Structure formats: C-alpha cells, structure tokens
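Here is what each chain is made of, one letter per residue.
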Amino acid sequence: MRKGREAEPHGVRKGREAGRARSRSRVPLRRSLLGRLLGVSALVAACSVAATAWLAVQTTSGAIRQEQGRNLTADARIYDTLLGYAARNPTWNGVDATVRKLAEESGRRIALTTQSRQPLADSATAEVPPPLPPQASAVVDPLSVDAVLAARSTEGQGTAADRIDPRAVGPFLLPAAERTELRQLAERHAACLNRSGIAADVVVGPSGRPRIQMVGSVPERALSTKCESIGLNAPTRTERKALDALNGLADACLKRQGREGVRLDQNLFWGEDIAVTRPGQLPYPVPSDARAARPAPVAEAPREFTGEDDRAIASCVGTARSEQLGSYVASPALLFIGDEGGATVPGFDLSPANTAKIAGAAALVLALTVGASVLAGARLVRPLHALTGAAQRMRDGEASASVPVSGDDEIARLAAAFNDMSAHRARLEEQRRAMVSDVAHELRTPLSNIRGWLEAAQDGLADPDPAFVSSLLEEAVQLQHIIDDLQDLAAADAGVLRLHPEPVRVGELLGQVAAAHQARADTAEVTLRVEAADGRMPEVAADPVRLRQAVGNLVSNAVRHTPPGGTVTLRAYGGGGGADARSGDGSEGGSGSDSGAGDGSGSDSPTGHGSEGGSGAGSPPGGDVVIEVADTGTGIPAEDLPYVFDRFWRAEKSRSRRTGGSGLGLAIVRKLAEAHGGTAGATSTEGEGSVFVIRLPGRAPTP
C-alpha cells in the first residue's frame, strides 16, 4: 500500500491536495448556517418590531377613536340641551346656569357667543378665560339643526324634514285650558282602548297637545273598537289661528313663484291626503308622495300635484315656518366645547421625541436579537466545524478521531452518533485487515504443502506413489473447502444465497448427519448419538442440503473439540419443549474453535448455564423448531464467547489446523440459520461442555 501511494502520479496527488484545501476553507457567510441564521433572525426581529409598532398604533388609534366617540356623544348631549333652550326661549338671557351645569357634568369648558363672537355665556373659571379656538364646535340654531349632532343625541326628539327643531312650536303652543281639555279627552280614549285589550298611553308633545301611543299593538286594531277620538284629533282655536297665519305666509311664497296656494291641515299636509302624526314630533311638511290617502276636506275637485309642485310647496312651507317661528326662538349662537386650557377634542400627536423613542426601542430590539443570534449561531457552528474536520481527516485516510460531546441537544447527539460511526468504522477496518490476513494464511498453508510436495517430487526426493497423491488430494480438498466456505459467506452477505425449501423431518436429518460423521467420531473415540424427542418429531420447511451443512458444521466442530471418551448429542424439539430449553437462565457460548463473522450478539440459552455467545436473542415463539448439538468438551472461556461466530476466529491462538478448522464453520452456520429466518447461538460452561443451538421458524422461510 505504501509503495502504491508513493507511485501515485504527481498530478493526481496535487489535485487531491487542492480539493482537500478547498474542503477545509471556510464557507462564505452568505451560504453558511451562521449567515442564514443571522438573516432569519434579523428578518424575524424586523417583522416583530413592525408588528409591535403596528399593534401599538392600532391600539392607540382605537383608544383615541373611542375617546373621541365618547367626547362626541357628550358634545351632542350638550348641543341638544342648548338647542332645546333656544327653541323654548326667544333670547339667551338666563342660559348661564344651564351652561355651568353642563360644564360640571361633562368636565369640559362650554362657551356660547353670538355669530359676531360676542360672549353670551362661558363656563371658564379663570379670571382671564383662555382665548376661544378659531373654529366653533357647532352653531346652535333651532331653525337649522346640525343633523350629525342631533342624530347622536340621546335626549333630542329628532328633527323635521326642514331641519327645524321639533321643540320650536311658537304660536302652536297650547294654553293651559286647551291642554287640560285635550288631556281629559286623551285619557278617556286611552282608558277605552285599555278596556278593549289594547295597551295605550298618553304622550304629550312639545306644543302641549296630547296624543295616544299604543304599546305593542297595531294601530289598525283601534279602528275596530267603539272608542271615539273625534274631539281629540280636531285642531283647537290656538292651532287654527297659527295654522291660518302659516297658510298665509306659505301662499304668499307660492304666489311669488307664480303657483296656486294650498290649504294646510294641522299636520301641515296639503292636498287631499292625510298622514298619521309621528310619535314625539310636531307636525312638519311632508311631500304628497309620502302621504296616506284621505278624503279631501272640501268638496272641490281633487288637485293633482307633480313632484316639482311638492318640492316647491315643501320649500315654501319650511320658509313660512322659519319666518313664523323666528320671533319665538333665540337667535343663532356659536358653541365652543373644549378643556380649561383651550384645547378642543383631544387627539394623538406623535412628536419628534416620541418618534425618536420608538425608533430607538426598535433599534435596541433589533440589536439584541442580532447579538443573541450571533452568540447562538457561533455556539451552533463550533461543533459542526469539529465534525467537518474529523470527517475530512477520516476521508484522507488519517487516524479516526472523535469529537467532544457536550449537552444533549441535536448537535450533541449528532456528535455522539459520529463518534460511534468512527469507532465502528475503525473496527470494520481492523476486521477487514484481519480477514485479508486470515484468508491469505488459510490459502497459503495448503498451497505451500502442495508446492512443497511437488518440488520434492521434481527433485526426486519423493516418489509419486498413491500415498503421495492422496496427500496432495487432501490438501487440494482442504483448499477447495476454504474457497467454498468463502463463497457461501459472500453469497449470504450479498443476500443471493439460493435456498430450495421443502418439508424436512428434523429427526431424519439429524440421523443422516450423525451417520455422515460417525467414522470421524469413532476415530476420535467420541460417542455420537441422536436423542429422540418426546411426541411427534418436529418438521420445518427448509433447504435440506443447507440445513445438513449447518448441522454438520456444528457436529464437526463438537467432535473436534471433545476429548476421547466424550459424547456429542444431537436433539430436536418444538420451541416450547426440551429440558434444556426449559432450564433457562444461562447465556450463550460455544466450545468449538471454528467461528463465523458477526457482531457477537447472543441469543437465549437452551441449556441454561454458562456465558453468552452467538447471533440470536429472545425466547423462541411457540411454533419454532430447536436443533441442539451438545458436547462434553472443555468449553470456551467467558471472555471468548462473544467472538465464537467471528470469521477466522479460533480459541487456540496457535492457529493449528490440527486443533481448528478453517475458522469459517460457525460463521456459515449463523448465515444459513438467518437465511432460513432463524437464529444460531450457543451456551458454554468451561470444563463441562457446550451446547450449540439453531432455531428455525415453523413456517416456510421466504426464498
């Protein structure tokens, strides 16, 4: 081998060294595990920071919107209260008490000014109030209601279609006498409805006119009762007077547009239609397409109104109402709502300082993440570098070296597995070298004998008589036997050992093997016998030739290592039978010097004594067949039992063929047993003997 390496071409050696140098160079950071770990960590950190910032912004924005919503609701309540005050009073005199009460309840600053920003009322407690903001929060005008604030109000009565506050009733406000009369009529009508099974209640509107409100009932059900409401629905003298004035103003507006005048009823409907009064509202103008049909109050021919007529009439009625109510309500005023410091609705201001804080926190999180990733990555990559270096040294043919193992994580387990692989590779290499040496030795001996005899005959030192030829034939047969054994082992290792299974009576097979080895046993003065099993002789599905070969190897090994006067016994029984099999706590071993290759794993002992050795393990299933070859030889020491099935292994270190065979017999036994789906094992007690066991399944093995 050394000469072969020295004779290696210079170019090949130089290329190998260059490849070795490349493999030992560091991987670029962008392709290394550390680089990928850093990239992923940075990406995760960036995503985390972005997600945290987004979540903070969303949460803060939601809180701000919620706070603004609460402020807007409070502002709407303030606006509605002041709007009601303006609808019921012709001036703002005396509004200070209302403003201060609202300010105490809301904790806000409330100020009212004229449209020219002359102060009307202010809840500020400072001696010199802070200046008002340039933009008013709302305009308090009962004749032009802010629809947004009115919709958020919880106390308002709603707005009419012409945006006039329903609480602005003006001349439609009923005097006490008319209120009392209508109240009595309404209560009698409600009592009648209640007696008829219709839940009804009396509700008083802003003008003082009562109305009937039915609870949970269909209004049409009241028509089927005998409860009369004629007087309740008729306009009073005050309402007729105000309605006539309103008609005059509306007709004047229509005449200016070249249109005919209309007659309004108490609900401010025109034409021949009637509409049901809405709960909680004063009458207000409604276009003709939204009105329910009713008989015309006059005997004139029905007048047809187009959509343009309806829009013009509604506009004039609204203008007339504003003109009629103008002297009964307070003038428009500017409303300012804020805090004592002069600020209006609070908001979220991300100042440069806050921006710098957020950016600094994000950078700190990113730096900490990258630093932790660098430390974790370096610790992760360090053992990988050690593994890579050890693997490269093994590839280059250097001595196997282990890597340090620390911890119990994935990298530590990988290092431990690498150390096991390295040690196993070293053992395999040692076995390979020993096997090559053993094969050379086994082949050299018969070849040397044959060559020596032939040279002696050539030199005239030996006569080629029958004894001479017989000696050469014996050496040739021994050489052929070694070659056949090696071929069988190679076929078994490659998984191409051919079997021809058929039903085999184990008892008959043992008798055939005993007869074949009887002459050798007699020569060695060893008793060879076959014990009959209790009950029916077991059968197996096996290749009879290969099974005889395996049992023959065991018998030959036992006879060779049993002293004169000893006994070799062959027996067979089912997996649950046999006295030895039932004895049970021993280990396996062997007494023969011949062995086979393998790892020396043991199987359960059939005899129950001695130490372990062999290839099988575990109790046999109930359907197994056990073949035993027991001898009364000297046994094998416990320290040698794990190696009895190794190839070319002998108990005698002298390696003399007089006391040991080729060293392949037991290895072939184990391979043949495994090829049949079984196991081979042995037990031995030094000074008493050994028992070799073959266990075969009761079913046919897979070819």
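Caption draft 1: Looking closely at the overall build of the protein chain. When helices and strands are counted, the protein chain shows 17 helices and 16 strands. The buried share among the 703 residues of the protein chain stands at 40%. For the protein chain, long-range pairs separated by at least 24 residues make up 71% of all intrachain contacts whose partners lie at least 6 apart in sequence. Surface accessibility of the protein chain: about 38,800 Å² in total, with carbon and sulfur atoms responsible for 56%.

Caption draft 2: Representation of the pattern of salt bridges in the model. Under the counting rule described, the total for this entry stands at 17 salt bridges. With a closest N to O distance of 3.0 Å, E187 and R183 form a salt bridge. Taken together, the residues E187 and R183, both in helix α6 (residues 176-195) and four residues apart, mark about one turn of the helix. The class of R183 is partly exposed, set by a relative accessible area of 33%. For E455, the salt bridge goes to R451, with nearest N and O atoms at 2.9 Å. Of this pair, E455 and R451 both sit in helix α11 (residues 410-458), four residues apart, which is roughly one turn of the helix.

Caption draft 3: Molecular detail of the state of the cysteines. Counted under the stated rule, the structure contains one disulfide. Between the sulfur atoms of C253 and its disulfide mate C316 the distance is 2.3 Å. Its S-S torsion of approximately -65 degrees makes the covalent link between C253 and C316 left-handed. With C253 in helix α8 (residues 237-256) and C316 in helix α9 (residues 307-325), this residue pair connects regions lying 63 residues apart in the sequence.

Caption draft 4: Main features of the nonpolar core. Ranked by internal contacts, the top residues of the largest apolar core, which has 44 residues, are V551, L570 and I694. The greatest single-element share of this core, amounting to seven residues, is contributed by helix α15 (residues 544-560). The residues touching I694, leaving out its near neighbours within four places in the chain, are A550, V551, L554, V625, V626, I627, V669, A673 and T679.

Here is what the cut-offs are and how they apply
Residues numbered from 1 in each chain as written. Predicted model: local features only at pLDDT ≥ 70, side-chain atom pairs only at ≥ 80, totals over all residues. Heavy atoms only, no water. Helix = DSSP H or I, 4+ residues; strand = E, 2+ residues; numbered from the N terminus. Buried < 20%, exposed > 50% of the residue type's maximum accessible area, 1.4 Å probe, protein only. Contact = heavy atoms within 4.5 Å. Areas by Shrake-Rupley, 256 points an atom, 1.4 Å probe, with all protein chains shown as cover. Salt bridge = Lys/Arg side-chain N within 4 Å of Asp/Glu carboxyl O. Disulfide = S-S within 2.5 Å. Core = buried A, V, L, I, M, F, W, Y, C linked by side-chain atoms within 4.5 Å.

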